[in-house]
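# Structural features, examined
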Amino acid sequence: MTMKQSIRDKLENLVGRLDELDRILASGEATRDMDQYRKLSREHAELGPVVALYAQWRQADDDLASAQEMMGDPEMKELAEAEMLSAKERLPQIESELQRLLLPKDANDERNVFLEIRAGTGGDESALFAGNLFRMYSRFAERQRWQVEIVSSSASDVGGYKEVIARIIGNGVYSKLKFESGAHRVQRVPETETQGRIHTSACTVAVMAEADELEDVQINPAEIRIDTFRASGAGGQHINKTDSAVRIVHLPTGIVVECQDGRSQHKNKAQALSVLVARIKDAQEREQHAKIASERKSLVGSGDRSERIRTYNFPQGRITDHRINLTLYKIDSIMDGDLDELVGALANEHQAEQLAALAEPQ
């Protein structure tokens, strides 16, 4: 049974690498640099299952070749047929599992995220839709047993948000929400519209993996400006009497982060810094994704925020994801946080793209 040569070459390289790691880790030199030792041990632990599975594939492939040779012997024909059947069943299963294990892992998948939703074109209706989207993601988070903390929000006069930033904490948050970044368009009759005409408005969603400040992004204190000011809006007497709100400007990139939801200046500064770090890291990664996307057209996860990714059409009760041409007629349950089908379809499409890339000769 033939496996694509490019994939087989990759697997043979991994077998060689595992042998090399065995030798390095067994030598007395290995533990002299403990950081390096841990790194190599982790690589060894990741490669082990792939190489073991490839050994199973080779065994099944050898069994098939032996069975084909035995077919010429009338006395062995029945046994040979059973062997061939068994090997032919095992090989495709092992091969698809191998391909899955070979897919590049996203280092951010297990991280918490910062979710930013901004009202765009459409005025009041856009702000109301931003509120609907925030509720949708909050309900989804609830179903996943994740925690949602509002970091910063700017409410609109009619309800909803001009902008809301939240931190979502839990297992594998980024892996489930990473394809939500982009422009979300809504088509519906606004409650304020007496003529019953359908309006179109839009919001921008950004999902950014929470960075590990120490590892991922180094911020030079000389490159940021921190201003404190009095928080505006509702918040009781305390919040309006002190300069507890914080604005941080990152001078090299021009990124500005404001945080005024926390009670103390210290907490607001810490929150604003963590959002700033996530935004810088996100900008770096999107630049990287854009380079990759220009070489290979990736429909999912191109990282382009201006791209219209989804339309929510209320009169027709449908949601369409334009990247994968998926239309679902269950707008009520989706707006109530039932995102599993959408999230799953996007993840499957991304995996299919990765598999196609894996099979290309290097």
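Just so it is clear, the model here is predicted, and its values are computed rather than measured.

### Remarks on empty space enclosed by the protein
- For the structure on display, the rule yields one cavity of 30 Å³ or more.
- In this structure, the largest cavity spans a volume of roughly 30 Å³.
- In this structure, the largest cavity is lined by Tyr174, Met208, Ala209, Ala278, Lys281, Asp282 and Glu285.
- With four residues, the single largest contributor to the lining of the largest cavity is helix α7 (residues 265-295).

### Some points on the sheet that holds strand β10 (residues 318-321)
- One open sheet accounts for eight strands, arranged β2-β3-β1-β5-β4-β9-β10-β11; its pairing is mixed. Since the sheet does not close on itself, it has two edges, and those belong to β2 (147-155) and β11 (326-328), each with one partner. Averaged over neighbouring strand pairs, the angle between their axes works out to 15 degrees when direction is ignored.

### Here we look at the packing of aromatic side chains
- All told, the structure shown has four aromatic pairs when counted by the stated rule.
- Ring geometry for phenylalanine 129 and tyrosine 312: centres 5.2 Å apart, planes at 70 degrees, overall edge-to-face. In this pair, phenylalanine 129 sits in helix α4 (residues 123-143) while tyrosine 312 sits in strand β9 (residues 308-313), placing the two residues 183 residues apart along the sequence.
- Measuring from ring centre to ring centre gives 5.7 Å for phenylalanine 134 and tyrosine 161, while their planes differ by 85 degrees; the resulting arrangement is edge-to-face. Placement of the pair is phenylalanine 134 in helix α4 and tyrosine 161 in strand β3 (residues 161-169), with a sequence separation of 27 residues. With respect to class, phenylalanine 134 is no different from tyrosine 161; both count as buried.
- When the ring centre of phenylalanine 229 is taken as origin, the NZ or CZ atom of arginine 247, which lies over that ring, is 4.5 Å away.

### As for the nonpolar core
- By size, the foremost hydrophobic cluster in this structure holds 37 residues, and its most contacted members are Ile117, Leu133, Tyr137, Leu177 and Tyr312.
- Of all the secondary-structure elements, those providing two or more residues to this core are β1 (113-119), α4, β3, α5 (173-177), β5 (199-209), β11, α8 (331-335) and α9 (340-359).
- If one sorts the elements of this core by residue count, α4 sits on top with eight residues.
- Ignoring any residue separated from it by four or fewer positions in sequence, one finds leucine 133 in contact with Ile117, His184, Cys203, Val205, Tyr312 and Met335.
- If you look at the next biggest cluster of nonpolar residues, it comprises 25 residues, including Met3, Leu18, Leu98 and Leu102.

### Focus on the confidence of the model for the protein chain
- Counting all residues, the mean pLDDT for the protein chain is 84, and 88% of those residues have values of 70 or more.
- Segment residues 234-239 is flagged for pLDDT under 50; beyond a separation of four residues in sequence, or across chains, it makes six contacts in the model.

### Some remarks on the packing of helix α1 (residues 5-26) against helix α3 (residues 77-102)
- One can describe the packing of α1 onto α3 by two numbers: an axis separation of 12 Å at closest approach and a directional angle of 65 degrees. Comparing their axes, α3 and α1 come out roughly perpendicular. Where α1 crosses over α3, the two elements pack in a sense that is left-handed. Facing α1, whose interface residues are Ile7, Leu11 and Leu14, α3 presents Leu98, Gln99 and Leu102.
- A breakdown of the residues in the contact of α1 with α3 according to their chemical character gives five nonpolar, one polar and no charged.

### Topic: the packing of α1 against helix α2 (residues 34-70)
- Running from amino to carboxyl end, α1 crosses α2 at an angle of 135 degrees, the nearest separation of the two axes being 8 Å. In terms of their interaxial angle, α1 and α2 are classed as oblique. As for how α1 packs across α2, the hand of that crossing is left-handed.
- Tallied by class, the residues present in the contact of α1 with α2 amount to 14 nonpolar, three polar and seven charged.

### Focus: the pairing of β2
- Summarising the sheet, β2 and β3 pair through eight bridges and their orientation is antiparallel. Counterpart to alanine 155 in the pairing with β3 is tyrosine 161.
- Where β2 hands over to β3, the hairpin turn is made up of five residues, of which glycine 159 adopts a positive phi near 110 degrees.

Criteria and thresholds
- Residues numbered from 1 in each chain as written.
- Predicted model: local features only at pLDDT ≥ 70, side-chain atom pairs only at ≥ 80, totals over all residues.
- Heavy atoms only, no water.
- 1 Å grid on protein atoms, 1.4 Å probe; cavity = no way out; pocket = protein on both sides within 12 Å on 5 of 7 lines; lining within 4 Å.
- Points joined across faces, edges and corners; volume = space filled by probe spheres on them.
- Helix = DSSP H or I, 4+ residues; strand = E, 2+ residues; numbered from the N terminus.
- Pairing = 2+ DSSP bridges.
- Axes fitted to C-alpha atoms, helices over the stretch in contact; angles between N-to-C directions.
- Phe/Tyr/Trp six-rings, centres within 6.5 Å; stacked < 30°, edge-to-face > 60°.
- Buried < 20%, exposed > 50% of the residue type's maximum accessible area, 1.4 Å probe, protein only.
- Lys NZ or Arg CZ within 6 Å of the ring centre and 35° of its normal.
- Core = buried A, V, L, I, M, F, W, Y, C linked by side-chain atoms within 4.5 Å.
- Contact = heavy atoms within 4.5 Å.
- pLDDT = per-residue confidence, 0-100.
- Parallel < 35°, antiparallel > 145°, perpendicular 65-115°, else oblique.
- Left-handed = near helix turned anticlockwise from the far one by under 90°.
- Nonpolar A, V, L, I, M, F, W, Y, C, P; charged D, E, K, R; others polar.

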